[in-house]
Amino acid sequence: MSDKRTDYISWDEYFMAVARLAGMRSKDPNSQVGSCIVSPDNKILSIGYNGFPRGCSDEEFPWSREDEDPLRTKYVYVTHSELNAILNYRGGSLEGSKLYVSLFPCNECAKAIIQAGIKTVIYAENKYEGTPAVTASQMMFAAAGVEVRKYQATDRVLEIKV
Ligand SMILES: Nc1ccn([C@H]2C[C@H](O)[C@@H](COP(=O)(O)O)O2)c(=O)n1
Ligand SMILES: [Zn+2]
């Protein structure tokens, strides 16, 4: 009889946990988002989280959500986790890959996801559902044949001593 462990984490739990772990690197005080891009045969290809571009200091650029001057908000500067994961990839093609992301992609990331050839998006939350950015993403994913599914959270709590 095999002594194999049976309580090991599933692929979905593994990749969403990696995406969430990446999100913990984000300096955004409001939303920490993480992404993990995976090959069809379940190899991690790239990881990303939301943050300012290289050379744009986390200390100097603003993290505010609102200001009368848009240049004093984070929105015009921050690179989203999905785009960072796509841009961080140093291999050949992402064609046919899967994206695990902790927050539903916006319309700008949806364009990049589609153009990169990512075929499946697995998201954990959709707190901005109903906004034009999310609705546009849903329309583009449907038109481009990108499969989108919500991650089915389990009761498992992962604890990692670091
Ligand atoms: N799918 C997404 C959506 C948003 N982000 C980033 C962009 C911002 O840093 C933050 C959203 O900020 P909020 O409006 O919630 O204060 O999350 C992303 O990386 N991926
Ligand atoms: Zn985005």
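In what follows, the accompanying structure is described. Note that the coordinates shown come from a computational prediction; the quantities given were computed from them, not determined experimentally.

1. Here's the deal with the coordination of the zinc ion (ligand 2)
And then number 1: Those protein atoms acting as donors to the zinc ion (ligand 2) are His80 (ND1), Cys106 (SG) and Cys109 (SG), and they sit at 2.0 to 2.3 Å.
And then number 2: Here the donor residues of the zinc ion (ligand 2) share one chain and are spaced in sequence as H-x25-C-x2-C. Taken as a pair, His80 in the loop between β2 (44-49) and α2 (81-88) and Cys106 in the loop between β3 (98-103) and α3 (107-116) lie far apart in primary sequence, 26 residues in all.
And then number 3: Assessed through its relative accessible area of 15%, Cys106 is described here as buried.

2. Remarks on the site of ligand 1
And then number 1: Around ligand 1 sit 18 residues in total, of which Asp28, Ser31, Tyr75, Glu82 and Tyr128 are the nearest.
And then number 2: In this structure, Asn50 approaches ligand 1 through a side-chain N or O atom, which is 2.8 Å from an oxygen atom.
And then number 3: In this structure, Ser81 approaches ligand 1 through a main-chain N or O atom, which is 2.9 Å from an oxygen atom.
And then number 4: Burial of ligand 1 by the protein chains amounts to 95% of its free accessible area of 460 Å².
And then number 5: Spatially, ligand 1 is embedded in the largest pocket.

3. Quick word on the pattern of salt bridges
And then number 1: On inspection of all chains with the given rule, the structure shows ten salt bridges.
And then number 2: Of the charged contacts in the structure, one is a salt bridge between Lys111 and Glu108, with a shortest N-O distance of 3.0 Å. Here Lys111 pairs with Glu108, and both are found in helix α3, just three residues apart, close to one helical turn.
And then number 3: The partly exposed category is assigned to Lys111, whose relative accessible area is 38%.

4. As for the layout of surface pockets
And then number 1: Computed from the structure, the largest pocket encloses a volume of approximately 560 Å³.
And then number 2: Looking at the largest pocket, it is lined by 26 residues, and the ones nearest its centre are Tyr75, Val78, His80, Leu103 and Cys106.
And then number 3: Of all the secondary structure elements, the ones that give two or more residues to the lining of the largest pocket are α2, α3 and α4 (132-144).
And then number 4: Classifying every residue of the lining of the largest pocket by side-chain character gives twelve nonpolar, eight polar and six charged.
And then number 5: What lines the second largest pocket is a set of 18 residues, and nearest its centre among them are Glu13, Met16, Ala17, Arg20 and Leu158.
And then number 6: Split by residue class, the lining of the second largest pocket holds 13 nonpolar, one polar and four charged.

5. As for the packing of aromatic side chains
And then number 1: Under the defined criterion, the tally for this structure stands at ten aromatic pairs.
And then number 2: Taking 6.4 Å as the distance between ring centres and 90° as the angle between the ring planes, the aromatic pair formed by Phe52 and Tyr77 counts as edge-to-face. Taken as a pair, Phe52 in the loop between β2 and α2 and Tyr77 in the loop between β2 and α2 lie far apart in primary sequence, 25 residues in all.
And then number 3: Among the residues examined, Phe52 registers a relative accessible area of 10% and is labelled buried.

Conventions used here
- Residues numbered from 1 in each chain as written.
- Chains lettered and ligands numbered in written order.
- Predicted model: local features only at pLDDT ≥ 70, side-chain atom pairs only at ≥ 80, totals over all residues.
- Heavy atoms only, no water.
- Donors = N, O, S within 2.8 Å, 3.2 Å for Na, K, Ca; no water.
- Helix = DSSP H or I, 4+ residues; strand = E, 2+ residues; numbered from the N terminus.
- Buried < 20%, exposed > 50% of the residue type's maximum accessible area, 1.4 Å probe, protein only.
- Near = heavy atom within 4 Å.
- Polar contact = N/O pair within 3.5 Å; in protein donor to acceptor, adjacent residues only side chain to side chain.
- Areas by Shrake-Rupley, 256 points an atom, 1.4 Å probe, with all protein chains shown as cover.
- 1 Å grid on protein atoms, 1.4 Å probe; cavity = no way out; pocket = protein on both sides within 12 Å on 5 of 7 lines; lining within 4 Å.
- Sits in = over half its atoms within 2 Å of the grid points.
- Salt bridge = Lys/Arg side-chain N within 4 Å of Asp/Glu carboxyl O.
- Points joined across faces, edges and corners; volume = space filled by probe spheres on them.
- Nonpolar A, V, L, I, M, F, W, Y, C, P; charged D, E, K, R; others polar.
- Phe/Tyr/Trp six-rings, centres within 6.5 Å; stacked < 30°, edge-to-face > 60°.

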